[in-house]
Protein chains: 2
Amino acid sequence: MGDSRCYWITGLPAAGKTTLAMALNVSLKQGGVATALLDGDELRKGLCADLGLTNADRSENIRRAGEVARLMVDAGLTVVCAFVSPFEKDRQRVRGLFTPGQFTEVYLSTSLQECARRDPKHLYERAKAGALTGLTGWDSPYEAPAHPDFTFDTQCTSTEQMVGVLLQSIQATAGA
Amino acid sequence: MGDSRCYWITGLPAAGKTTLAMALNVSLKQGGVATALLDGDELRKGLCADLGLTNADRSENIRRAGEVARLMVDAGLTVVCAFVSPFEKDRQRVRGLFTPGQFTEVYLSTSLQECARRDPKHLYERAKAGALTGLTGWDSPYEAPAHPDFTFDTQCTSTEQMVGVLLQSIQATAGA
């Protein structure tokens, strides 16, 4: 229980956040860790269904996600969070809810070009066509983390490799 | 994991909600159940710190608490919630987030007179003196549950008895 922690995965839409979060979640569970997965798209269907895409609402979305992650870590869960979370101050505020070492910020630095090429939800396609506004990375800002714990470019690193690095880092910390 | 569930304890301020929640939480943990405790006062320091005491804010407070409980139950935790939650429609909305049998509404029917006599947080004292407005049961409405799963008057039933009844009911359900 004392080892419960929060992984916070940030990056552009289609950077691979949910894919990494799901794989990390599965590996943690296989290792006997009690986990929860918090995903931006999912949270906006429930807890944050009242919020829009203004900067203030994006900040509130991340504030709530962080508070829920904090409550879950308090309850002994290791929480894997996948949120675009475009603003540095919002991510830093979430980090501040945890003790040092309990929060791991993972930045997926996948380029805009690659995210727009993948585009599984057709967001970039719609933005290009003018049918969608406020898409992070396209016409809404994304502030790259200043001091992430890990940075991965998913064009160079496989999901398995990322999960391996993240799990190994925890084992190293636990053994220290 | 499949047996994770939500206990929702409602009643007037000072009815004994937190006392029962903490005792139930301890007993569940002793039985090997992974649990979380969600308390109204605590949530208002974090997730719901932006909310006041208007009827709309009280409803939003309960909506968020219910969504967090739902996420926690999804993650395999049994969640014990202690909230005044004065409005029937808000409690019913929370119930609707769960499958039948997964949500147990516990109504502490402790009388206003007894709550005002206990008054551990001096809320009723301040309300009587005109220093506090909007106190549920005093000058803000409390709608008693129409169909609670359990009703206890804490003047007649000890905490141990209530916990026993609640745990026994789950064992009976599990064995059915």
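What counts and how
- Every chain is numbered on its own, with residues counted from 1 as its sequence reads.
- Ligands are numbered from 1 and chains lettered from A, in the order in which they are written.
- Predicted model: local features are reported for residues with pLDDT of at least 70 only, side-chain atom pairs are reported and counted for 80 or more only, and whole-chain, interface and lining totals are derived from all residues.
- Side-chain numbers here rest on the full set of heavy atoms in the structure, without hydrogens or water.
- Alignment of the copies relies on least squares applied to C-alpha atoms, considering only residues that score at least 70 for pLDDT in both.
- For this analysis, residues touch if any pair of their heavy atoms sits within 4.5 Å.
- In this analysis, strands are considered paired if DSSP registers two or more bridges between them.
- Put simply, DSSP H or I for four residues or longer makes a helix, DSSP E for two residues or longer makes a strand, and each gets a number counted from the N terminus.
- Note on method: axes are straight lines fitted to C-alpha atoms, helices fitted across the in-contact stretch only, with angles between N-to-C directions ranging 0 to 180 degrees.
- Once two parts are joined, some of their accessible surface, as seen by a 1.4 Å probe, is lost; buried area is that loss totalled over both.
- For this analysis, a polar contact is any N or O atom pair within 3.5 Å, provided that within protein one partner can donate a hydrogen and the other can accept it, and provided that sequence-adjacent residues contribute only side-chain to side-chain pairs.
- Residue classes follow a fixed rule: Ala, Val, Leu, Ile, Met, Phe, Trp, Tyr, Cys and Pro count as nonpolar, while Asp, Glu, Lys and Arg count as charged, and any other residue, Gly among them, counts as polar.
- What pLDDT conveys is the predictor's confidence in a given residue, as a value from 0 to 100.
- Definition of nonpolar core: a set of buried residues of the types Ala, Val, Leu, Ile, Met, Phe, Trp, Tyr and Cys, connected through side-chain atoms within 4.5 Å.
- To sort residues, take the accessible area from a 1.4 Å probe on protein chains only and compare it with the maximum for the residue type: under 20% means buried, over 50% means exposed, and anything in between is partly exposed.

Colleague: I'd love a proper account of the relation of the copies chain A and chain B, names of residues and values included.
Modeller: Placing chain A over chain B gives an RMSD of 0.0 Å and needs a rotation angle of 180°, together with 0.0 Å of translation along the axis. Accordingly, the operation relating the two chain copies is best matched by a two-fold axis. Both copies contact each other with a shared surface, as 100% of the interface residues of chain A are interface residues in chain B too.

Colleague: Can you break down the sheet that holds strand β3 (residues 78-82) of chain A residue by residue, with the values?
Modeller: Residue and element names in this part refer to chain A. With parallel pairing, five strands are arranged side by side in an open sheet as β2-β3-β1-β4-β5. This sheet does not close on itself; its edge strands, each paired only once, are β2 (35-39) and β5 (150-152). Here the strands of the sheet are splayed against their neighbours by 15° on average, with no regard to which way each runs. Across five bridges, β2 lies against β3 in parallel orientation. Bridge pairing in β3 links leucine 37 to valine 80. In the packing of helix α1 (residues 17-30) onto the sheet, the strands contacted are β1 (6-11), β2, β3 and β4 (103-108), and the crossing angle to β2 comes to about 175°.

Colleague: Can you tell me about the interface of chain A and chain B, naming the residues and giving the values?
Modeller: Each partner contributes residues to the interface: chain A has 18 residues there, and chain B has 18 residues. Surface buried jointly by chain A and chain B totals about 1,300 Å² across both partners, of which 68% is contributed by carbon and sulfur atoms. Counting across the interface, chain A meets chain B through six residue pairs in polar contact (both at pLDDT 80 or more). Listing elements by their share of the side of chain A that touches chain B, those giving two or more residues are β2 and α3 (55-74) of chain A. Across the side of chain A that touches chain B, the residue classes break down as 10 nonpolar, two polar and six charged.

Colleague: So what about the sheet that holds strand β2 (residues 35-39) of chain B? Which residues, and what values?
Modeller: All names here are of chain B. As summarised here, the arrangement of the five strands in space is β2-β3-β1-β4-β5, forming an open sheet in which the pairing is parallel. In this open sheet, the two edge strands, each paired with only one partner strand, are β2 and β5 (150-152). The average undirected angle you get between the axes of adjacent strands in this sheet is 15°. As paired strands, strand β4 (residues 103-108) and β5 are joined by three bridges and run parallel to one another. Bridging across to β5, leucine 108 finds its partner in phenylalanine 152.

Colleague: Quick one: what's the story with the confidence of the model for chain A, residue by residue and with numbers?
Modeller: Scored by pLDDT, chain A has a mean of 94; 96% of the residues are at 70 or more. Taken over the whole predicted complex, pTM reads 0.92, whereas the ipTM for its chain interfaces reads 0.90.

Colleague: Provide a residue-level description of the nonpolar core, including the pertinent values.
Modeller: Membership of the largest hydrophobic core comes to 44 residues, with the highest contact counts inside it found for Trp8(A), Leu38(A), Trp8(B) and Leu38(B). If you list the elements that add at least two residues to this core, you get β1, β2, α3 and β3 of chain A together with β1 (6-11), β2, α3 (55-74) and β3 (78-82) of chain B. If we ignore the near neighbours within four places in the chain, the residues touching Trp8(B) are Ile62(B), Ala65(B), Gly66(B), Cys81(B), Phe83(B), Ser85(B), Arg91(B), Val94(B), Phe103(B), Thr104(B), Glu105(B) and Val106(B). In this structure, Ala21(A), Cys115(A), Met162(A) and Val163(A) belong to the second largest nonpolar core, which totals 25 residues.

Colleague: Go over the side chain of Arg64(A) with me, naming the residues and quoting the values.
Modeller: Examined against the element boundaries, Arg64(A) turns out to sit in helix α3. For Arg64(A), a relative accessible area of 2% puts it in the buried group. A distance of 2.8 Å separates polar atoms of two side chains, one belonging to Arg64(A) and the other to Asp50(A). Once residues lying within four places of it in the same chain are set aside, the contact partners of Arg64(A) are Leu47(A), Cys48(A), Asp50(A), Leu51(A), Leu47(B), Glu60(B), Arg63(B) and Arg64(B).

Colleague: I'd like to hear about the pairing of β1(A), residue by residue, with values.
Modeller: Residue and element names in this part refer to chain A. In terms of residue burial, β1 counts as a mostly covered element, since six of its six residues are buried. Taking every second residue as pointing to the same face, both faces of β1 are buried, with Cys6, Trp8 and Thr10 on one and Tyr7, Ile9 and Gly11 on the other. Bridging between β1 and β3 involves four bridges; their strand directions are parallel. Paired with tyrosine 7 across the two strands is valine 80, which belongs to β3. Inspection of the sheet shows β1 paired to β4 by six bridges, in the parallel sense. Looking across to β4, one finds that isoleucine 9 is bridged to valine 106.

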